Amino acid sequence: MAYRSPPKFDREARFIANRAFLFNGLQIQPGDAVLGIPDRRLRQLYGMRHVLMVPPAAQHKEAAGAARKGKR
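Report on the accompanying structure. (Residues numbered from 1 in each chain as written. Predicted model: local features only at pLDDT ≥ 70, side-chain atom pairs only at ≥ 80, totals over all residues. Heavy atoms only, no water.)

## Description of the side chain of H50
Test applied: Comment: elements are numbered from the N terminus, with helices defined as DSSP H or I runs of at least four residues and strands as E runs of at least two. The contact criterion used throughout is that any non-hydrogen atoms of two residues lie within 4.5 Å.
Mapped onto the elements, H50 comes out in the loop between α1 (39-47) and β4 (51-54). Ignoring sequence-local partners within four residues, the contact set of H50 consists of A17, N18, R19, F21 and L45.

## Overview of the pattern of salt bridges
Oppositely charged side chains may form a pair once their charged atoms are brought near each other. As a reminder, the rule being used: A side-chain nitrogen of Lys or Arg and a carboxyl oxygen of Asp or Glu constitute a salt bridge if their distance falls within 4 Å. Accessibility here uses a 1.4 Å probe with only protein chains present; expressed as a share of the type maximum, an area under 20% marks a residue as buried, one over 50% as exposed, and anything in between as partly exposed.
A full pass over the atoms with the stated rule returns 1 salt bridge. Of the charged contacts, one joins D39 and R11 as a salt bridge, the two residues approaching to 3.8 Å between their closest N and O atoms. Note that D39 is positioned in helix α1 and R11 in the segment before β1 (14-17), a separation of 28 residues in sequence. Here D39 falls in the partly exposed class, since its relative accessible area comes to 38%. With relative accessibility at 56%, the residue R11 sits in the exposed group.

## With respect to unusual backbone geometry
Even without a glycine there, the phi angle at N24 is positive, about 55 degrees. Mapped onto the elements, N24 comes out in the loop between β2 (21-23) and β3 (26-28). For R49, which is not glycine, the phi dihedral falls at a positive 65 degrees. Looking at where R49 falls in the secondary structure, it is placed in the loop between α1 and β4.

## Remarks on the packing of aromatic side chains
Heads up, the rule is: Between rings of Phe, Tyr and Trp, where Trp is taken as its six-membered ring, a pair exists when centres lie within 6.5 Å; planes separated by under 30 degrees are stacked, by over 60 edge-to-face, and by other angles tilted.
What the rule picks out here adds up to 3 aromatic pairs. Judged by centre distance (5.8 Å) and plane angle (55 degrees), the ring pair of F9 and Y46 falls under tilted. Separated by 37 residues along the polypeptide, F9 in the segment before β1 and Y46 in helix α1 bring together distant segments of the chain. Taking 6.1 Å as the distance between ring centres and 75 degrees as the angle between the ring planes, the aromatic pair formed by F15 and Y46 counts as edge-to-face. In this pair, F15 is assigned in strand β1 and Y46 in helix α1, connecting sequence segments 31 residues apart. No difference in accessibility class separates F15 from Y46, as the two residues are buried. The structure contains a cluster of three or more aromatic residues connected by ring pairs, namely F9, F15 and Y46.

What follows is the structure, encoded as structure tokens:
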């Protein structure tokens, strides 16, 4: 089985928790949006796979799909 490395870190992307972890006294559960974490620490969490990145392009597609669904 081949190892697949994660996409390159992009600080403009949205991040969600992949694992439960404690940051600055706040318990973050899997699936929660990760907000308010400094870039350096966010990069470390991403490298340890505690957070997953949602690329900016995917965010725009989601927003466009939501806009279209609302027109019906």
